Amino acid sequence: MQNTLQNAIRFYRLKQNQTLPSYQRFLYKDLYASPAKITGVYGARGVGKTTVLLQVLKDLDFNYDEKLYISCDQPMFYDVSLFD
């Protein structure tokens, strides 16, 4: 499990370096202002879920190592339960 977490962190660091669009989707303000400690977003492929979440993570006032984006459809998570 530790190896999976390290891979997830590595994948998130790569995602952080990608260029994001300057416009913000309608969901951005709600996600940014949310007091929730964990957030899940679901929807059809290609609608911008990853983009809006990465924009919110980029703008949140947390240290670099206090943020993590995990995409559960990554092959590294195929045999990992959401409860794990």
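Values in this document were obtained by computation on a predicted structure and should not be read as measured data.

## Let's talk about the environment of Pro35
Phase 1: Mapped onto the fold, Pro35 is located in the loop between helix H2 (28-33) and helix H3 (49-59).
Phase 2: Given a relative accessible area of 80%, Pro35 falls into the exposed group.
Phase 3: Separated by 19 residues in sequence, Pro35 and Leu54 have C-alpha atoms that sit 17 Å apart.

## Observations concerning the confidence of the model for the protein chain
Phase 1: On average, residues of the protein chain score 84 in pLDDT, and 96% of them are at 70 or above.
Phase 2: Confidence, expressed as mean pLDDT per element, reaches its minimum in the protein chain at helix H1 (residues 2-16) with 81 and its maximum at H2 with 92.

## Re the layout of surface pockets
Phase 1: Taken as a whole, the largest pocket encloses approximately 1200 Å³ of empty space.
Phase 2: If you trace the largest pocket, you find 33 residues lining it, with Thr39, Leu53, Leu68, Tyr69 and Ile70 closest to the centre.
Phase 3: Broken down by secondary-structure element, the contributors of at least two residues to the lining of the largest pocket are H1, H2 and H3.
Phase 4: Of the residues forming the lining of the largest pocket, the biggest block, 6 residues, is contributed by H3.
Phase 5: Within the lining of the largest pocket, the residues separate by chemical class into 17 nonpolar, 9 polar and 7 charged.

## Here's the deal with H3
Because each turn of an α-helix spans 3.6 residues, side chains separated by three or four positions in sequence point in the same direction.
Phase 1: Within H3 the residues assigned to the buried category are Thr51, Val52, Leu53, Leu54, Gln55, Val56 and Leu57.
Phase 2: Contacts made by the buried residues of H3 are with H1 and H2.

## Details of the packing of aromatic side chains
Phase 1: Evaluated as defined, the whole model comprises 1 aromatic pair.
Phase 2: Measuring from ring centre to ring centre gives 5.8 Å for Tyr28 and Tyr32, while their planes differ by 10 degrees; the resulting arrangement is stacked. Of this pair, Tyr28 and Tyr32 both sit in helix H2, 4 residues apart, which is roughly one turn of that helix.
Phase 3: The exposure class of Tyr28 is buried, given its relative accessible area of 7%.

Definitions and limits used
- Residues numbered from 1 in each chain as written.
- Predicted model: local features only at pLDDT ≥ 70, side-chain atom pairs only at ≥ 80, totals over all residues.
- Heavy atoms only, no water.
- Helix = DSSP H or I, 4+ residues; strand = E, 2+ residues; numbered from the N terminus.
- Buried < 20%, exposed > 50% of the residue type's maximum accessible area, 1.4 Å probe, protein only.
- pLDDT = per-residue confidence, 0-100.
- 1 Å grid on protein atoms, 1.4 Å probe; cavity = no way out; pocket = protein on both sides within 12 Å on 5 of 7 lines; lining within 4 Å.
- Points joined across faces, edges and corners; volume = space filled by probe spheres on them.
- Nonpolar A, V, L, I, M, F, W, Y, C, P; charged D, E, K, R; others polar.
- Contact = heavy atoms within 4.5 Å.
- Phe/Tyr/Trp six-rings, centres within 6.5 Å; stacked < 30°, edge-to-face > 60°.

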